[in-house]
Amino acid sequence: MTKIPYKIYLSEDEMPKQWYNIKADMKTQPAPFLNPATLKPVTADDLKQIFCEDAVDQEMNKTDRFIDIPEEIRSFYRMYRPSALVRAYCLEEKLGTPAKIYYKYEGTNTSGSHKLNSAVAQVYYAKKQGIKSLTTETGAGQWGTALAMAGAYFDIPIKVFMVKVSAEQKPYRKAVMETYGAEVIPSPSDTTETGRRILKENPNTGGSLGCAISEAVEEAVKGDNCRYVLGSVLDHVLLHQSVIGLETKTALEKYDIKPDIIIGCVGGGSNFGGLIGIFAGEKIQGKNNIKFIAVESSSCPSMTRGLFAYDYCDTGKMTPLAKMYTLGSGFIPSPNHAGGLRYHGMSPIVSELYHQGIIDEARALTQKQVFEAATLFAKSEGILPAPESSHAIRAAIDEAVKCRETNEAKTIVFGLTGTGYFDLAAYMKYNSGELTDIEVTNEALEAGFASLPKID
Ligand SMILES: *Cc1c(COP(=O)(O)O)cnc(C)c1O
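Residues numbered from 1 in each chain as written. Predicted model: local features only at pLDDT ≥ 70, side-chain atom pairs only at ≥ 80, totals over all residues. Heavy atoms only, no water.

### As for the overall build of the protein
At step 1: Helix and strand counts for the protein come out as 18 helices and 15 strands.
At step 2: Taking 456 residues into account, the globule formula puts the C-alpha radius of gyration at 23 Å, and the protein, at 21 Å, falls close to it.
At step 3: C-alpha extents for the protein along the principal axes are approximately 65 × 50 × 50 Å.
At step 4: A buried classification covers 62% of the 456 residues belonging to the protein.
At step 5: Considering only residue pairs separated by 6 or more positions, the protein has 77% of its internal contacts joining residues 24 or more positions apart.
At step 6: Accessible surface, the protein: about 17,900 Å² in total, of which carbon and sulfur atoms supply 51%.
At step 7: On the protein, the mean spot of the 49 positive side-chain charges and the mean spot of the 55 negative ones are 2 Å from each other. (Helix = DSSP H or I, 4+ residues; strand = E, 2+ residues; numbered from the N terminus. Rg over C-alpha atoms; globule rule 2.2 N^0.38 Å. Buried < 20%, exposed > 50% of the residue type's maximum accessible area, 1.4 Å probe, protein only. Contact = heavy atoms within 4.5 Å. Areas by Shrake-Rupley, 256 points an atom, 1.4 Å probe, with all protein chains shown as cover. Lys, Arg positive; Asp, Glu negative; His and termini not counted. Charge placed at Lys NZ, Arg CZ, Asp CG, Glu CD.)

### A few points about helix 8 (residues 171-179)
At step 1: The set of residues buried in helix 8 consists of Arg173, Val176 and Met177. Along the axis of helix 8, the buried residues cluster in a sector spanning 95°; they form a single face. Away from its buried face, by an angle of more than 90 degrees, helix 8 presents the exposed residues Tyr172 and Thr179.
At step 2: Next to the buried residues of helix 8 lie strand 6 (133-138), helix 6 (142-154), strand 7 (158-163) and strand 8 (183-187). (Arc of directions from axis to C-beta.)

### Topic: the packing of aromatic side chains
At step 1: Going through the model one piece at a time under the given rule, you end up with 16 aromatic pairs.
At step 2: Between tyrosine 77 and tyrosine 80, the aromatic rings sit 6.3 Å apart at their centres with planes inclined by 90°, giving edge-to-face as the arrangement. For the pair formed by tyrosine 77 and tyrosine 80, the shared burial category is buried.
At step 3: Both rings, one in phenylalanine 377 and one in phenylalanine 414, keep their centres 6.1 Å apart while their planes meet at 70°; by these two values the pair is edge-to-face. On the criterion of sequence distance, the pair formed by phenylalanine 377 in helix 15 (residues 367-381) and phenylalanine 414 in strand 15 (residues 411-416) is long-range, its members being 37 residues apart. Exposure class is identical for phenylalanine 377 and phenylalanine 414. Each is buried.
At step 4: Aromatic ring contacts, followed pair by pair, group Phe76, Tyr77, Tyr80, Tyr124, Tyr125, Tyr153 and Phe154 into a single cluster. (Phe/Tyr/Trp six-rings, centres within 6.5 Å; stacked < 30°, edge-to-face > 60°.)

### Points about the sheet that holds strand 6
At step 1: The 4 strands are arranged 8-7-6-9 in an open sheet whose pairing can be described as parallel. The open sheet has two edge strands with one neighbour each: strand 8 and strand 9 (226-228). Sheet twist, expressed as the mean angle between neighbouring strand axes with direction ignored, is 25°.
At step 2: Relative to the sheet, helix 10 (residues 209-222) contacts strand 6, strand 7, strand 8 and strand 9, its axis offset from that of strand 6 by approximately 170°. (Pairing = 2+ DSSP bridges. Axes fitted to C-alpha atoms, helices over the stretch in contact; angles between N-to-C directions.)

### A look at the site of the ligand
At step 1: The environment of the ligand is formed by 17 residues, the closest being Lys115, Ser232, Gly267, Asn271 and Thr417.
At step 2: Here an oxygen atom of the ligand sits 2.5 Å away from a polar atom, N or O, in the side chain of lysine 115.
At step 3: In the environment of the ligand, an oxygen atom lies 2.7 Å from a nitrogen or oxygen atom belonging to the side chain of asparagine 271.
At step 4: Here the ligand, which alone exposes 390 Å², has 94% of that area covered by the protein.
At step 5: Taken together, the residues of the shell around the ligand break down into 4 nonpolar, 11 polar and 2 charged. (Near = heavy atom within 4 Å. Polar contact = N/O pair within 3.5 Å; in protein donor to acceptor, adjacent residues only side chain to side chain. Nonpolar A, V, L, I, M, F, W, Y, C, P; charged D, E, K, R; others polar.)

As C-alpha cells, this is what we get:
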C-alpha cells in the first residue's frame with residue numbers, strides 16, 4: 001500500500017468549481033424563516049431589505065444541488081486554497097493509537113480561520129449588485145477581519161460593530177481590520193438608536209454579540225444602499241463553506257481513504273456544516289454511514305441542552321426567526337468563558353440534520369478539556385490551534401483513545417478551523433491556572449428559554 005503523505009495537497013485545478021447545496025438532498029427541509037414583525041414566513045423581498053440579492057437567492061434555493069462559484073471568487077480562493085489535508089502522524093504516535101487521524105487546516109490566511117470562504121463570496125455579490133457599503137458585527141474578531149480583507153479586495157467600505165470588551169481585549173484584531181481599511185466601532189456605540197438606548201440603560205456595559213448585530217442591522221437598513229452580512233448560521237454561509245468538505249473528499253479519494261468519523265466544532269454551525277456537507281448528502285442517499293460529531297462548548301450548549309424551537313437570531317429581535325436548537329436569544333454565556341463558540345443558536349440546516357439523526361452526536365466540552373487538548377496538539381503537530389478548533393481536537397483525541405482501548409484502526413477526520421495567535425490572552429489564563437470550568441445552571445437555561453418567542 002502506498003504510504004499516505006503528511007500532507008495531501010490538491011492542485012489549483014482540483015479546487016471546487018461549484019459549491020454543494022445540501023438542501024437539494026434533504027428529505028425534510030429546515031423550517032422557513034419567520035418575519036419578526038408578522039411571524040409569517042419571510043419572502044425573498046423581506047430578506048433583500050437586509051441582505052444582498054444573490055445571498056438571499058442562495059438562502060432560498062432548495063433545488064440546485066451544485067451552484068457555480070464565480071470566477072472572481074475562485075481567483076481570490078486561489079490565494080489561500082486549496083487547503084491541505086494533514087495526516088496527524090505525530091499526534092497518533094503520541095496517543096499510541098491505531099486510529100488514523102486527519103485534519104483539514106483552514107487557518108493559513110491572515111484572518112486566521114475558515115470565515116474568509118464566505119466573506120469573499122458575500123462581498124463579491126454585494127459589489128455585483130452595486131451595494132455601496134456593508135455592515136457587520138464581530139465578537140472575537142475573526143469574522144470582522146475576514147470581511148475587512150474581502151472588502152479591501154473588492155473595494156467596498158466595511159463598518160464592523162465590535163463587542164466593546166473584545167475591542168478592548170483584542171486591540172491587535174482591531175489593528176488588522178483597520179489596516180485593511182475597515183471602520184471598527186466598539187458596540188454599544190452612540191451611532192445607532194439601539195446603541196444609544198442600551199448605553200442610556202447601562203452606561204458601563206461591555207456589550208454583547210446580540211447588541212452588535214442589532215446595531216449593524218439598523219445601520220444597514222437605514223443606510224444608503226447598504227447591506228448587512230452575517231458570518232455563520234445562515235444557509236448561504238454553509239453553502240460557501242461547502243468548499244471545505246468538497247476539498248476534503250477529493251483529497252481522501254486520491255488515496256482511497258474512507259472516513260469512519262467526521263468531527264467539527266460548532267458555534268453557529270458554518271464550518272461543521274461545510275465540512276460534513278457533501279458527506280452528509282451522500283449519507284442521506286445511503287452511500288456511506290459516516291458518524292458525524294458536532295462539538296460545542298459546555299458554556300453555551302445549544303445542541304446538547306437547548307430546545308429545537310423558533311427563536312430570534314439576535315438579542316435585538318430585528319433579524320428573522322429561525323427554527324433551530326437554541327438557548328434563547330436572551331441567554332448570556334459566563335464572562336469567564338474564553339473558548340469562543342458563544343452563539344445562543346445553531347444553523348437551521350445543522351439543527352435539522354441533528355433532529356433527523358443524520359448528525360449522530362452532539363458533545364459539549366469544558367474549557368479545561370479544550371485547552372488541554374489544544375496544548376497537546378500544539379506540542380505534537382506544531383500548530384497553535386484556535387480555542388474554537390480545539391473542541392474538535394479534543395473530541396478527535398477522545399475517539400482515538402477509544403480506538404486504542406478497543407484496538408480499532410478507525411479513520412477520523414476533523415476540521416481545524418483556525419489559528420490561536422489572536423487568543424494568547426486565553427492561553428495565558430490557561431497556563432497560569434486561572435481558567436476555570438463553568439457550570440451552566442438550570443436556572444440560567446430557564447432564564448434563556450423564557451426569552452423565546454411564543455409561537456403556535
Ligand atoms: C467563528 C469560528 C468558529 C465557529 O463558527 P462556526 O460558524 O460554527 O464555524 C470556529 N472556529 C474558528 C476559528 C472561528 O473563527
